[in-house]
Amino acid sequence: MPVRVEHKHIDASAEALPRRTPPKAGELILEARNVTRKFGGLVANNNMSLQVKAGEILALIGPNGAGKSTMFNQLSGVDTPTSGEVLFMGQPVAGKDSRDIARMGMSRTFQHVKLLPTMSVLENVAIGAHLRGDKGVMASAWRMDRAEEARLLKEAARQIERVGLGEFMHAEAGSLALGQQRILEIARALCADPCLLLLDEPAAGLRHKEKQALGDLLRKLRSEGLATLIVEHDMDFVMNLVDRVVVMEFGQKIAEGLPDEIQKDPAVLEAYLGGVE
Ligand code: ADP
Ligand code: MG
């Protein structure tokens, strides 16, 4: 059983944070145009183009080493293409810091902001809510005024309920199962009030039941209008979940289409069966 810690309490009367006006379903929100990323002589992404529309789940799949994570870093603005560009809500992401990008409505799970295992689920998620606050940097998270803290905790609690972790609100984050910790990271990303969520291999290491729970959550978020781009190596996980698939091999796009089409595509089958798996 998860260990209970109650460090912070939620003030239901705190003022709610402002919400952005979401883009209309089907509107183009993220676009990669001819993105190439070279590392010395290695071309990790070669002339990659893709689009994500509001409210859809797009999977970027391919065998290990295909260049998916590199592409994820170009899309999320963590890395800058050697040539080509990425536009989010019509604006280039290159040169913007992660806070600006989060404010524009693109949110990713933060691999560099690890869970604080002895802190509660609420406190861990509130770190994400802090990006929505008016006050400067992350370091000020524990020095903010009370009204501000109450608003952020209330937002964090709302996102925890939204992802279905309400019963673990005051549990130690480190005592949750891996699948629940992954979902906690999604709640943290949702605190930035995104219209696009980016996930790099969210199902990695999860058990079958946990993958199902994650898939169910992503479907629920889609029904609420959220778009998701999911980088995944596990074809089975994405095929019953996503609206469209882009397939990469050796840094390039080799196929794009509906999950049913992709599963029958000879080039895709060859990449998976004859590839480096
Ligand atoms: P995937 O996520 O599909 O498994 P990656 O994008 O991680 O693939 O890697 C694609 C290729 O780019 C690999 O050959 C990898 O070694 C190389 N690569 C990725 N990041 C770097 C880097 N920072 N420096 C040098 N090579 C890199
Ligand atoms: Mg990867």
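All values reported here derive from a predicted model rather than from experimental measurement.

Asker: Just checking my understanding: could you explain the overall build of the protein for this structure?
Answerer: When you go through the protein residue by residue, the secondary structure sums to nine helices and ten strands. For 277 residues, the compact-globule estimate of 2.2 N^0.38 gives 19 Å, and the protein sits close to it at 19 Å. Its C-alpha atoms give the protein principal-axis dimensions of about 55 × 40 × 35 Å. Across the 277 residues in the protein, those meeting the buried criterion constitute 52%. In the protein, of all internal contacts separated by at least 6 residues, the share reaching a separation of at least 24 is 70%.

Asker: I keep staring at the sheet that holds strand β2 (residues 42-53) and nothing clicks. Help me out?
Answerer: In a beta sheet, neighbouring strands pair by backbone hydrogen bonds and run either parallel or antiparallel. A sheet is described by the order of its strands in space; here four strands give the open sequence β2-β1-β4-β5, paired in antiparallel fashion. At either end of the open sheet lies a strand with only one pairing partner, and these are β2 and β5 (91-92). Where strand β1 (residues 28-39) meets strand β4 (residues 83-88), five bridges bridge the pair, whose relative direction is antiparallel. By the bridge assignment for β4, Arg 33 is matched with Glu 85. Here helix α1 (residues 68-75) sits on the sheet and contacts β1, β2 and β4; the angle it forms with β1, its principal contact strand, is near 125°.

Asker: How should I be thinking about helix α5 (residues 178-190) in this particular structure?
Answerer: Since one α-helical turn is 3.6 residues long, residues separated by three or four positions face the same way. Across its 13 residues, α5 extends 19 Å between first and last C-alpha, which sits within 8% of the 18 Å expected from 1.5 Å per residue. Most of α5 sits inside the fold, with ten of its 13 residues counted as buried. Buried within α5 we find Gly 179, Gln 181, Arg 182, Ile 183, Leu 184, Ile 186, Ala 187, Arg 188, Ala 189 and Leu 190.

Asker: Where do I start with the domain arrangement of the protein in this structure?
Answerer: Domain assignment breaks the protein into domain 1 (27-105 + 194-277) and domain 2 (113-193). Each of domain 1 and domain 2 has a C-alpha centre, and these two points are 25 Å apart. In this assembly, 21 residues from domain 1 lie in contact with 17 residues from domain 2. It is Arg 99, Pro 194 and Leu 217 in domain 1 that bury the most area against domain 2; as a group they hold 36% of the surface buried on that side. At the boundary of domain 1 with domain 2, the tally comes to one salt bridge. For Arg 162, the salt bridge goes to Glu 224, with nearest N and O atoms at 2.8 Å. If you look at where domain 1 meets domain 2, you find five residue pairs in polar contact (both at pLDDT 80 or more). Breaking the side of domain 1 that touches domain 2 down by element, the ones donating at least two residues are α2 (98-104), β7 (196-200) and α6 (208-223). When its residues are assigned to classes, the side of domain 1 that touches domain 2 shows 14 nonpolar, one polar and six charged.

What counts and what doesn't
- Residues numbered from 1 in each chain as written.
- Chains lettered and ligands numbered in written order.
- Predicted model: local features only at pLDDT ≥ 70, side-chain atom pairs only at ≥ 80, totals over all residues.
- Heavy atoms only, no water.
- Helix = DSSP H or I, 4+ residues; strand = E, 2+ residues; numbered from the N terminus.
- Rg over C-alpha atoms; globule rule 2.2 N^0.38 Å.
- Buried < 20%, exposed > 50% of the residue type's maximum accessible area, 1.4 Å probe, protein only.
- Contact = heavy atoms within 4.5 Å.
- Pairing = 2+ DSSP bridges.
- Axes fitted to C-alpha atoms, helices over the stretch in contact; angles between N-to-C directions.
- Expected span 1.5 Å × (residues − 1).
- Domains from an automatic or database assignment.
- Buried area = accessible area lost by both parts, 1.4 Å probe.
- Salt bridge = Lys/Arg side-chain N within 4 Å of Asp/Glu carboxyl O.
- Polar contact = N/O pair within 3.5 Å; in protein donor to acceptor, adjacent residues only side chain to side chain.
- Nonpolar A, V, L, I, M, F, W, Y, C, P; charged D, E, K, R; others polar.

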